[in-house]
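# Structural features, examined
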Amino acid sequence: MIRQLSKAAVPQLKSTFFRSISSYPNINSFRTYTPEDGFVLSSIYEPITLPDLTVDQYVWKNVSKWQNKVAITCGVTGRKYTYSKLRDHCAALAVRLQTKFNLKQGDVVGICLPNVPEYAICLLGASEAGITTTTINPIYTAAEISRQLVSSRPKIIFTLSETYSTVEAAKEMAKLRCSIVTVKTKLGESIPNGAIDFTELMSTKDVDFNSLDKQIVDIDDTFVLPFSSGTTGLPKGVMLSHLNITSNCEQLDAKLPDKRLMLPTTNDFQDVLPSVLPFFHIYGLVVSLISKLALGCKIVALPKFEPEGFLTTLAEHKATYLNLVPPIVLFLANSDKTAKRHLEHVRTIMSGAAPLGASDVERFHKKAPHTEFMQGYGMTESSPLTLIAPKGITNRATVGFVASSTEAKIIKVDDPNFVGCDIDETGELMIRGCQVMKGYLNNPEATSETIVKGNWLRTGDLAAYDSNGLFYIKDRLKELIKVKGFQVAPAELEEVLREHPNIDEAAVIGIPHDMYGEVPKAFIVPKKQTNVTEKELHAFVNERLSEYKQLKGGIQFVDSVPKNASGKLLRRQLKALYL
């Protein structure tokens with residue numbers, strides 16, 4: 001039986017693209033100019049109605065229409081949950097979080113899991129209990145996890161048996177008292193000593209659903225705390241509200257009058273989305289998981305990207321829709337193992353997290369000429385979507401128009417007045433809309449540097465728009481390195497390198513890589529009269545940081561690194577010298 005929601009669902013929402021893309025509206029019909037803001041572009045999509053629902057209520061608002069359909073299945077083991085089962089397990093977990101652990105509104109739980117079906121239960125169960133979730137990369141080292149625990153202070157962490165010892169070590173390093181719950185992925189699997197069995201927490205047996213305290217959760221309360229480096233510095237907790245997430249799900253559903261991104265789920269049809277993009281990342285969390293559950297899609301959870309396994313999943317589950325990042329698009333385009341059967345049912349592909357060149361898209365289209373291919377742009381601080389191309393667009397390089405109920409402008413680099421530029425001028429992209437974060441957790445200084453006057457979000461990305469109002473990402477102004485779509489903060493790597501006793505200074509930049517987009521490269525100033533080798537430093541870093549953060553761009557020893565008069569490291573100058 002499906003548990004009822006505590007609030008009535010809002011009327012059916014819509015967001016439509018009001019003209020045929022064969023005749024774009026004149027840019028001046030959606031671009032304004034004021035002396036204060038300069039040129040500002042709004043959306044050509046109709047505005048959304050803001051959902052007056054928490055995330056769990058939003059996901060379940062139409063669940064009765066597809067309660068017997070598969071909601072999420074594991075692409076490796078085959079275990080699965082129908083929508084009715086998923087709904088009941090989430091409600092059971094919500095009750096036990098309140099009654100067994102005495103968690104209250106505003107408390108935090110951590111999810112340190114790969115893409116497994118139970119991820120949705122942890123996330124939505126916590127939401128129903130009025131609890132905030134922080135999402136943790138399961139391949140992080142104990143040191144990396146501990147930094148996030150110190151900041152977010154979760155009361156419970158959900159993880160696997162395989163990662164229990166790492167989470168336990170991180171908990172000790174953070175001097176944190178919390179419970180660790182392990183999710184079983186195999187029949188007969190035992191759990192580590194000291195762990196709590198997730199199966200018991202989500203069980204619908206002997207649970208009083210009426211005992212759930214339906215706390216008054218405001219849609220502006222924090223739903224999730226992913227960690228992002230923003231435009232600079234170390235990772236920070238990004239406070240995203242229920243409204244941030246639900247409004248972004250609505251913005252994702254921008255459509256032409258006769259076409260939708262996702263097709264309606266009926267008795268005879270269900271869109272199928274194999275999800276290899278990690279749920280701890282905002283792209284996987286919102287674009288692949290939350291928004292698609294709200295539409296009744298079937299999600300095939302893949303814990304990690306394995307080329308042959310991924311291709312097998314596409315064929316066996318008859319995938320109809322894919323959210324991808326450029327390295328996976330390039331794999332599909334270039335691999336001689338990609339055959340017709342793998343992509344024959346795929347109707348639409350959306351690529352994000354990093355730019356993809358038009359020639360790369362054309363190469364992919366030779367493998368799957370029947371697919372609609374589109375790019376979008378976003379960031380953790382914007383939940384994530386801010387720019388999206390309409391279906392049917394033939395311009396392969398663009399990331400599209402401004403999303404529904406959103407505004408954007410391009411400012412000259414380091415313009416203190418943040419005045420918007422004209423057509424074809426490259427500058428920093430600024431975003432304003434209902435999906436923009438509340439701010440960084442316990443970091444008002446970083447928040448004020450990122451959300452500036454007029455509630456504009458600084459993206460740290462260089463972009464431009466053309467005479468049609470289509471946007472193009474040109475480069476990164478911010479210091480972040482994007483490795484396979486994931487953020488790597490140079491400051492974090494530099495901090496680790498400076499811990500080595502024979503290093504005086506360290507500077508890290510991103511350099512181009514054919515498959516990964518970018519990889520980190522370090523410039524090292526050794527301490528005088530010491531000996532340190534490249535091999536030694538690689539081993540030092542690899543022990544402390546996740547694989548994608550490691551110095552695959554190499555290590556170069558130098559006499560000095562460029563700094564300004566105040567001693568600030570000039571990474572852009574270093575990058576210019578190197579490239």
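See above for the structure.
We now turn to the structure provided with this report.

The rules we used
- Residues numbered from 1 in each chain as written.
- Predicted model: local features only at pLDDT ≥ 70, side-chain atom pairs only at ≥ 80, totals over all residues.
- Heavy atoms only, no water.
- Helix = DSSP H or I, 4+ residues; strand = E, 2+ residues; numbered from the N terminus.
- Buried < 20%, exposed > 50% of the residue type's maximum accessible area, 1.4 Å probe, protein only.
- Contact = heavy atoms within 4.5 Å.
- Areas by Shrake-Rupley, 256 points an atom, 1.4 Å probe, with all protein chains shown as cover.
- Lys, Arg positive; Asp, Glu negative; His and termini not counted.
- Charge placed at Lys NZ, Arg CZ, Asp CG, Glu CD.
- Disulfide = S-S within 2.5 Å.
- Pairing = 2+ DSSP bridges.
- Salt bridge = Lys/Arg side-chain N within 4 Å of Asp/Glu carboxyl O.

## Some words on the overall build of the protein
- A tally of regular secondary structure across the protein gives 16 helices and 30 strands.
- Expressed along its principal axes, the backbone C-alpha trace of the protein runs to roughly 70 × 65 × 50 Å.
- In the protein, which comprises 579 residues, the share counted as buried stands at 61%.
- Here the analysis covers contacts within the protein between residues at least 6 apart in sequence; of these, 70% occur between residues at least 24 apart.
- For the protein, the accessible surface area stands at approximately 23,300 Å², while carbon and sulfur atoms represent 50% of it.
- Averaging the coordinates of the 66 positive side-chain charges in the protein and doing the same for the 62 negative ones gives two points 3 Å apart.

## Observations concerning the state of the cysteines
- The tally for this structure, following the rule as stated, stands at 0 disulfides.
- We note that Cys-178 lacks a disulfide partner, and the nearest cysteine sulfur, in Cys-112, lies 11 Å from it.
- Of the cysteine sulfurs around Cys-434, a residue in no disulfide, the closest is that of Cys-249, at 11 Å.

## Quick look at the pairing of strand β24 (residues 456–465)
- With respect to burial, β24 is a largely interior element, 9 of its 10 residues being buried.
- Pairing analysis gives 4 bridges linking strand β21 (residues 427–433) to β24, with the strands arranged antiparallel. Within the sheet, the bridge partner assigned to Gly-427 lies in β24 and is Ala-463.
- Pairing between strand β23 (residues 451–452) and β24: 2 bridges, direction antiparallel. Looking across to β24, one finds that Ile-451 is bridged to Leu-457.

## As for the pattern of salt bridges
- Counted according to the given criterion, the structure contains 21 salt bridges.
- The residue Lys-184 makes a salt bridge to Asp-197 at a minimum N-O spacing of 3.0 Å. Taken as a pair, Lys-184 in the loop between β8 (179–183) and β9 (196–197) and Asp-197 in strand β9 lie far apart in primary sequence, 13 residues in all.
- Note on Asp-197: relative accessible area 11%, which makes it buried.
- The partner of Arg-571 in a salt bridge is Glu-494, and the shortest N-O contact between them spans 2.4 Å. Taken together, the residues Arg-571 in helix α16 (residues 571–578) and Glu-494 in helix α14 (residues 490–498) connect sequence positions 77 residues apart.
- One connected set of salt bridges, linked through shared partners, spans Glu-144, Arg-147, Glu-492 and Lys-549.

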